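# Understanding the architecture of this molecule
What follows is each chain in one-letter form.
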Amino acid sequence: VVNITSVKVTGDTTSSLNLGATRMLTAVAVDGSTEIPSIPVTWNQNGDIVSLNESGNMVTLTGAAVGQASLVASVGGISSAEISFSVAPLSLQIV
């Protein structure tokens, strides 16, 4: 019997994402201290500034609009800590 106690997210969860840039995150269900990668994870975002491309327990985020959003990974009724991030505008340097 598996008792999911948490959902762990790995990848760059702290720096801002540039408009049009991508970033990959991975989530895994955890039973106590044991990671169980075979259990499917659901990704949910609050805000529409990124597009999500899910593949198994991995998600690729693409910055689609400038602003703020948050993301969580869930298994059943257990969710990861909320990941807050921003999408920054592109800056051009003319030389």
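Bear in mind that the values here come from a model prediction, so they are computed numbers and not experimental data.

### A word on the overall build of the protein chain
Counting secondary structure elements, the protein chain contains zero helices and ten strands. The N-to-C order of helical and strand elements in the protein chain reads β-β-β-β-β-β-β-β-β-β. Considering only C-alpha atoms, the protein chain reaches an extent of 60 × 20 × 20 Å along its principal axes. The contacts in the protein chain between residues at least 6 apart in sequence include a share of 53% that link residues at least 24 apart.

### So, the side chain of R23
Following the sequence through the fold, R23 ends up in strand β3 (residues 22-31). In this structure the side chain of R23 is engaged in a polar contact, spanning 2.9 Å, whose partner is the backbone oxygen of S15. Setting aside residues no more than four positions away along its own chain, R23 makes contact with D12, S15, S16, L17, V59, T60 and L61.

### With respect to the pattern of salt bridges
The tally for this structure, following the rule as stated, stands at two salt bridges. A salt bridge links K8 to E35; the shortest N-O distance between them is 2.7 Å. Of this pair, K8 sits in strand β1 (residues 6-10) while E35 sits in strand β4 (residues 34-36); the two residues are 27 residues apart in sequence, bridging distant segments of the chain. What makes K8 partly exposed here is its relative accessible area of 39%.

Rules behind the numbers
Residues numbered from 1 in each chain as written. Predicted model: local features only at pLDDT ≥ 70, side-chain atom pairs only at ≥ 80, totals over all residues. Heavy atoms only, no water. Helix = DSSP H or I, 4+ residues; strand = E, 2+ residues; numbered from the N terminus. Contact = heavy atoms within 4.5 Å. Polar contact = N/O pair within 3.5 Å; in protein donor to acceptor, adjacent residues only side chain to side chain. Salt bridge = Lys/Arg side-chain N within 4 Å of Asp/Glu carboxyl O. Buried < 20%, exposed > 50% of the residue type's maximum accessible area, 1.4 Å probe, protein only.

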